[in-house]
Amino acid sequence: MKKYKCLILLLLLSVLVGCRGGLMEENNLKLPSGLVWESYSNDYYSIKYPAKWGKAELNNNVGFAPMVDYQIGFEIYQSPMGSMRALNREVSEIIDRLVDNLKSVDRVELDGNEGYELMISYPEYSMKLVNFIIYKEGFRFDLIFVSDEGVYHDNLGIAKEMINSFKLFDFKEKGYELDENRFQEGIAKEILTSQEAISDAEYLWERLEGIHPNIYFKRDKEETKREFEQIIDILNSKFHWTKLELYTLLASFTAGVRDSHTELPINQTFQSYSFSNLVPLKVVFDNEGMVILDDFGNKGIPSGSRVISINGVDGRNISEDINGLISSQLNHWSYRRAERHFPIYFWLLYGESEEFIVEYKTEEERVKEARLKSISHGDYLDKQFKSQNNRDELLWSLDFPQERIALLTVNTFDENVINTFNEDFSSYKREMRRFFQEIRANETDYLIIDLRNNGGGSDRLARHLYEYITDTPYLIYSEILTKLSDYAVELGGAGLSDVARAGEDRVISVKKELIEPEDNDLRFNGEVYFLIGHGSYSAASDLAAVVKDFGTGVLVGQETGGVASAYGDLLRSSLPNSGLEFTVSYKHFIRPSGYDDGRGVLPDVEVEVDRIKETQVEDQVLTKVLELIDNR
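Residues numbered from 1 in each chain as written. Predicted model: local features only at pLDDT ≥ 70, side-chain atom pairs only at ≥ 80, totals over all residues. Heavy atoms only, no water.

From N to C terminus, the protein includes 22 helices and 28 strands. Dimensions of the protein along its principal axes, counting C-alpha atoms only, are 85 × 70 × 55 Å. Burial status across the protein gives 53% buried among its 632 residues. Summarising the internal contacts of the protein: among those between residues at least 6 apart in sequence, 70% fall at separations of at least 24. Entry remark: accessible area of the protein is about 29,800 Å², with carbon and sulfur atoms responsible for 44%. (Helix = DSSP H or I, 4+ residues; strand = E, 2+ residues; numbered from the N terminus. Buried < 20%, exposed > 50% of the residue type's maximum accessible area, 1.4 Å probe, protein only. Contact = heavy atoms within 4.5 Å. Areas by Shrake-Rupley, 256 points an atom, 1.4 Å probe, with all protein chains shown as cover.)

Right under this line is the structure:
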């Protein structure tokens, strides 16, 4: 199957290559008068660039950019590549991935070396780029010109002049042949020596401090340093450590950052494990501990019973231990994360067991005990899925709870999640259009948009939905601050032209301009209500902040799980010895109104929610909105 997929991609490549219209075909490009050039070279190549542009280097990569407050730059990246045939496959996959944004593809020759020229447009970000991909002697070289749309054509002449000046050296004569061993990934270990564990801890801390825009926004620097030294002392206290032991130490330390996008995610770290002896309970967390929502062990534990202990461990201690591993500014979002992966967290902290002794107190204050047989992870997920509200199972859905009232449920803006359902941004747009056609056909006066279980994702999906309800210019963020560390460049979060433009402080602050909504023949003109809650996070809480700050609709429910001004755009990496995955924010997003109070988005109409009733009996927030509409 893999062979046939490659053949299909190569066929697509052969069709697209030759769609002329690339930069090298442009003959009437002009250069600014009086432009002075400088030369740059390293062990592999040379190129000229405008003398007034800034320059930033990392390994054998380089970026150039003028010191301006808009996006424009030229970057060169080098990476290992086994053969021209391998490059053909990679370019085929790039074409497949960027088919909606790709404007032209040309086979080119640059300085006597084969390659490709791709012209790409991102209208949702008002950005265009030209990417030359060149192969020589075991290496791939990417020459990238990137620019805001407004200044793109004015600078194409500079880009073409730079590309024409690019010269590759003879690596073999210089002794710079490809070292295959250098690029092999390390093998993750389940058992580590103390020195390997310490090396992983130091690797993590260097990157947390190096990448995050403000790692100390919730903790004292000296106190953090002492805490890290204690971790090193603990790791020195014995000769060997398991991967699980190291995870609990480092996850707890990272949770102290209190940024939900900076963490050791449990789902990524242990997704390949085969769990067979997990606790068969679905629970909800609150400030007093845990309440049982579902007993998957079929011992008749009543929903709403409070956990006193599990296998002798106090329920409140279980709650504190689990939430101590979860990074979040807001406790209620931490609780939601803990609920989602409760059996895995319990296994991680207290081990597996074939039987679980659960002591609990019913809502009638009766103390009882039940012995539950363990459950596999697959069976747990299956039972959890079947216990959900039908609307929670879908990516998005449309209902009409009453005449002239539409309920649009959007459970994710995450394009990775959408892709697992064989959907993409195009299908999302088609579905939204179909929904709003139905909304119009039903002569809807009131639209309710439910974001309570939306864990976020891409802001372009949130923007697309928002523009169905307004024709007024708006902001998603008033300002974005980006820290451009070397680590961020290595992990793909920033380009070297950005670093060149930022100067010595390595921080770029971009004040955002108002976004003009696109024309939309299905725009809704009635009254809009948004349902928000502790499960509304990231792009969903961003959208709620837009609604709040621009007064586009009425927010009903509870404070969002994501803060309104948040650290985000996470970078993902893994520790070299244990393979434990971690994520770090490298940007700070400020809400449209321009302030950061450390809170989530607050509803206009707050509703006290009973979690047990919410999940099993009644939808209290929806009921409240229907009452508000009835009383108009």
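And the narrative resumes.
Here we come to the nonpolar core. If you look at the biggest cluster of nonpolar residues, it comprises 93 residues, and the most contacted ones within it are Leu235, Leu281, Ile310, Phe342 and Val358. Counting residues per element, this core draws most heavily on helix H6 (residues 194–211), at 7 residues. For Phe342, the contacting residues outside a window of four places in its chain are Val279, Leu281, Val283, Phe285, Met290, Ile310, Ile318 and Ile322. (Core = buried A, V, L, I, M, F, W, Y, C linked by side-chain atoms within 4.5 Å.)

Attention now goes to the packing of aromatic side chains. What the rule picks out here adds up to 27 aromatic pairs. Pairing Trp333 with Tyr537 gives two aromatic rings, centres 4.2 Å apart and planes at 5 degrees, and the pair type is stacked. Of this pair, Trp333 sits in helix H11 (residues 331–340) while Tyr537 sits in the loop between strand S24 (527–532) and helix H20 (539–550), and the two are 204 residues apart along the sequence. Residue Trp333 shares its accessibility class with Tyr537, and that shared class is buried. Seen in terms of ring centroids, Phe436 and Tyr468 are 4.2 Å apart; in terms of plane orientation they differ by 10 degrees. Their pairing is stacked. Residue Phe436 is located in helix H16 (residues 425–441), and its partner Tyr468 is located in the loop between helix H17 (459–466) and strand S22 (479–483); the two are separated by 32 residues in the primary sequence. Three or more aromatic residues joined by ring pairs form one cluster here, namely Tyr40, Tyr44, Tyr45, Tyr49, Phe64, Phe139, Phe141 and Phe166. Its guanidinium or amino end placed over the ring of Tyr203, Arg207 lies 3.4 Å from that ring's centre, counting from NZ or CZ. (Phe/Tyr/Trp six-rings, centres within 6.5 Å; stacked < 30°, edge-to-face > 60°. Lys NZ or Arg CZ within 6 Å of the ring centre and 35° of its normal.)

It is worth spelling out unusual backbone geometry at this point. Across the chain, the bulk of peptide bonds are trans and the bulk of non-glycine residues have phi less than zero. Not every positive phi belongs to a glycine, and Asn59 is a case in point at roughly 55 degrees. Structurally, Asn59 can be placed in the loop between strand S3 (54–58) and strand S4 (61–65). By relative accessible area, Asn59 is classed as exposed at 60%. Even without being glycine, Arg404 reaches a positive phi, approximately 70 degrees. Summarising the element assignment, Arg404 is placed in the loop between strand S19 (396–402) and strand S20 (405–410). Judged by relative accessible area, which is 34%, Arg404 ranks as partly exposed.

Mapped onto the fold, Asn101 is located in the loop between helix H2 (84–97) and strand S6 (102–110). Looking at Asn101, the relative accessible area reads 12%, which means it is buried. With residues up to four places along the chain from it excluded, the contact list for Asn101 reads Met119, Ile120, Ser121, Tyr122, Pro123 and Glu124.

A surface patch of like charges, here negative, comprises Asp220, Glu222, Glu223, Glu229 and Asp233. Inspection of the secondary structure assignment puts Asp233 in helix H7 (residues 221–235). Classification of Asp233 as exposed rests on a relative accessible area of 52%. (Patch = residues over 30% accessible without salt bridge, like charges linked within 9 Å, V, L, I, M, F, W, Y side chains within 5 Å. Salt bridge = Lys/Arg side-chain N within 4 Å of Asp/Glu carboxyl O. Lys, Arg positive; Asp, Glu negative; His and termini not counted. Charge placed at Lys NZ, Arg CZ, Asp CG, Glu CD.)

Attention shifts here to the confidence of the model for the protein. Overall, the prediction assigns the protein a mean pLDDT of 88, with 90% of residues at 70 or greater. Low confidence marks residues 1–20, where pLDDT is under 50. Its contacts with residues over four positions away, or in another chain, come to 29 contacts. Taken as a whole, residues 174–186 scores under 50 in pLDDT and shows 13 contacts with residues more than four places along the chain or in a different chain. (pLDDT = per-residue confidence, 0-100.)

With that settled, the discussion passes to the sheet that holds strand S28 (residues 605–606). One open sheet accounts for 6 strands, arranged S19-S20-S21-S24-S25-S28; its pairing is mixed. Here the strands that pair on one side only, and so sit at the sheet edges, are S19 and S28. Inspection of the sheet shows strand S21 (residues 446–450) paired to S24 by 5 bridges, in the parallel sense. Within the sheet, the bridge partner assigned to Ile449 lies in S24 and is Phe530. Along the sheet face, helix H22 (residues 620–630) touches S19, S20, S21, S24, strand S25 (554–557) and S28 and points at about 160 degrees away from the line of S24. (Pairing = 2+ DSSP bridges. Axes fitted to C-alpha atoms, helices over the stretch in contact; angles between N-to-C directions.)

In this section: the pairing of strand S18 (residues 367–373). Pairing of strand S17 (residues 355–361) with S18, which is carried by 7 bridges, proceeds in the antiparallel orientation. Opposite Lys361, over in S18, you have Val367 as the bridge partner. If you look at the hairpin formed by S17 and S18, you'll find 5 residues sitting between the two strands, and Glu365 has a positive phi there, around 70 degrees.

Looking now at helix H10 (residues 315–323). Looking only at H10, the buried set comprises Gly315, Ile318, Ser319, Ile322 and Asn323. Seen end-on, H10 carries its buried residues on one side only, within an arc spanning 115 degrees. The exposed set on the far side of H10, more than 90 degrees from its buried face, consists of Arg316 and Glu320. On its buried side, H10 packs onto strand S13 (281–286), strand S14 (289–295), strand S15 (306–310), strand S16 (313–314), H11 and helix H12 (342–350). At the N-terminal boundary of H10, the capping side chain belongs to Asp314, with an oxygen 2.8 Å from the backbone nitrogen of Arg316. (Arc of directions from axis to C-beta. Polar contact = N/O pair within 3.5 Å; in protein donor to acceptor, adjacent residues only side chain to side chain.)

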